[in-house]
Amino acid sequence: MTVGSVVVLGGRSEIGVEVATRLAAGRPVVLAARRRGDLAAESAAVAAAGATVVHTVEFDADRLTDHARALSEIAELGPIDTVVLAFGILGDQQRAETDAQHAVNIVHTDYVAQISVLTHLAQLLRAQGSGRIVVFSSVAGVRVRRANYVYGSAKAGLDGFASGLGDALHGSGVSLLLVRPGFVVGRMTEGMTPAPLSSTPDQVADAVVRALGKGRARVWVPGLLRPVFFGMRMLPQAIWRRMPR
């Protein structure tokens, strides 16, 4: 039986690579990112984790017209087991409040590009008859805060789209895991003060792999954030608008 590959779209992502290293043993791994020739460190990490072979594919998430080509190239490498959508940007909220193009850039990468990839990917995996998709939402999208409403609004849209797509894939042999992490201490948030209940890329990857193993459709990281945000939905708007990032 042919073993399917682990694919990371956004092959430089700390979380994406950590997930891949946990799933790599005995499998091919595909790292897809811009400047594919600069993925030596990431390739070495998954190879050391036991990947049978590591492929790199040129992939620019922001170039929507290139998504079908990149995914077709990945499919030609063999059957796919798990695809991790690990690309995204945080952006600068203060700048985005006055710079419309920057606001659009954030939403384009974190929402529009994700929808394009997910739609192409769902068709590909439906035709294959199997596969698992990992999508990273955020607690920032559960109830959008004034402090990061541009990024939060993109994650809110992605959360809704991925939730609906997961339902649409039911019975197709393809599953979707929607991940809702809180503040993650890593390159993307370098220089920022960690929020309460923060996690690391390692911890997020551990939670993702456990959830995949259990066949779950949703996972909050850490799990305590789920009841916390249930309560936060009840806060009056006058209080909520003063909540920090």
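Residues numbered from 1 in each chain as written. Predicted model: local features only at pLDDT ≥ 70, side-chain atom pairs only at ≥ 80, totals over all residues. Heavy atoms only, no water.

Colleague: Just checking my understanding: could you explain the overall build of the protein chain for this structure?
Modeller: Per the secondary structure count, the protein chain includes nine helices and seven strands. Its C-alpha radius of gyration of 18 Å places the protein chain within 12% of the 18 Å reference for a compact globule of 245 residues. The principal-axis extents of the C-alpha atoms in the protein chain amount to approximately 60 × 35 × 35 Å. Burial status across the protein chain gives 46% buried among its 245 residues. Taking contacts inside the protein chain between residues at least 6 apart in sequence as the whole, the part at least 24 apart equals 69%. A total accessible area of about 11,400 Å² is found for the protein chain, and carbon and sulfur atoms account for 55% of it. Across the protein chain, the mean location of the 26 positive side-chain charges is 9 Å away from that of the 20 negative side-chain charges. (Helix = DSSP H or I, 4+ residues; strand = E, 2+ residues; numbered from the N terminus. Rg over C-alpha atoms; globule rule 2.2 N^0.38 Å. Buried < 20%, exposed > 50% of the residue type's maximum accessible area, 1.4 Å probe, protein only. Contact = heavy atoms within 4.5 Å. Areas by Shrake-Rupley, 256 points an atom, 1.4 Å probe, with all protein chains shown as cover. Lys, Arg positive; Asp, Glu negative; His and termini not counted. Charge placed at Lys NZ, Arg CZ, Asp CG, Glu CD.)

Colleague: Whenever I open this one, the pattern of salt bridges confuses me. Can you help?
Modeller: Two side chains with opposite charge may pair up if their charged atoms get near one another. Within this structure, the stated rule accounts for 11 salt bridges. Measuring nitrogen to oxygen at the nearest pair gives 2.7 Å for the salt bridge that ties Arg-22 to Glu-18. Of this pair, Arg-22 and Glu-18 are both found in helix H1 (residues 14-23), four residues apart, which corresponds to roughly one turn of the helix. When its relative accessible area of 25% is taken as the criterion, Glu-18 is described as partly exposed. (Salt bridge = Lys/Arg side-chain N within 4 Å of Asp/Glu carboxyl O.)

Colleague: Any chance you could explain unusual backbone geometry here in plain terms?
Modeller: With the exception of glycine, most residues fall at negative phi, and the peptide bonds are largely trans. The residue after Val-221, namely Pro-222, is reached through a cis peptide bond having omega -10°. With respect to the element layout, Pro-222 can be found in the loop between strand E7 (218-221) and helix H8 (225-232).

Colleague: Would you explain helix H2 (residues 40-48) in this entry?
Modeller: Because the α-helix completes a turn every 3.6 residues, residues three or four places apart line up on one side. Those residues of H2 that sit buried are Glu-42, Ser-43 and Val-46. Around the axis of H2, the buried residues are gathered within 100° of arc, so they sit on the same side. In H2, the exposed positions angled more than 90 degrees off the buried face are occupied by Ala-40, Ala-41 and Ala-48. Where H2 is buried, its residues meet H1, strand E2 (28-33) and strand E3 (53-58). (Arc of directions from axis to C-beta.)

Colleague: What should I look at first to understand a positive patch on the surface in this one?
Modeller: Side chains of Arg-210, Lys-214, Arg-216 and Arg-226 sit close together on the surface and give a patch of like positive charge. Along the chain, Arg-226 falls in helix H8. Residue classification places Arg-226 among the exposed residues on the basis of a relative accessible area of 54%. (Patch = residues over 30% accessible without salt bridge, like charges linked within 9 Å, V, L, I, M, F, W, Y side chains within 5 Å.)

Colleague: Mind showing me how you'd approach the layout of surface pockets here?
Modeller: Where empty space is left can be seen by rolling a probe of water-molecule size over the atoms. Looking at the second largest pocket, its volume works out to about 220 Å³. If you trace the second largest pocket, you find 15 residues lining it, with Ser-175, Leu-176, Gly-215, Arg-216 and Ala-217 closest to the centre. For the lining of the second largest pocket, the leading source of residues is strand E6 (residues 174-181), giving four residues. Of the residues in the lining of the second largest pocket, the class split is six nonpolar, five polar and four charged. (1 Å grid on protein atoms, 1.4 Å probe; cavity = no way out; pocket = protein on both sides within 12 Å on 5 of 7 lines; lining within 4 Å. Points joined across faces, edges and corners; volume = space filled by probe spheres on them. Nonpolar A, V, L, I, M, F, W, Y, C, P; charged D, E, K, R; others polar.)

Colleague: Can you help me understand helix H5 (residues 100-128) in this one?
Modeller: An ideal rise of 1.5 Å per residue puts 42 Å on 29 residues; H5 measures up with 40 Å between its terminal C-alpha atoms. A bend of about 45° at His-108 is the largest found in H5. Between the side-chain oxygen at the start of H5 and the backbone nitrogen of Gln-101 there is a gap of 3.1 Å, and the oxygen is on Asp-99. Once H5 finishes, Gly-129 follows within two positions and takes phi at roughly 90°, a positive value. (Expected span 1.5 Å × (residues − 1). Bend = angle between axes of the 7 residues up to and from the residue. Polar contact = N/O pair within 3.5 Å; in protein donor to acceptor, adjacent residues only side chain to side chain.)

Colleague: Looking at this structure, how should I read the pairing of strand E5 (residues 131-136)?
Modeller: The buried fraction of E5 is high, at five of six residues. Pairing between strand E4 (residues 80-85) and E5: four bridges, direction parallel. Among the inter-strand pairings, Leu-85 is bridged to a residue of E5, identified as Val-135. Pairing of E5 with E6 involves six bridges; the strand directions are parallel. Within E6, the position partnered with Arg-132 by the bridge is Ser-175. Regarding topology, helix H6 (residues 149-168) serves as the crossover connection from E5 to the parallel E6, and that connection is right-handed. (Pairing = 2+ DSSP bridges. Right-handed = clockwise from strand over helix to strand, strands pointing away.)

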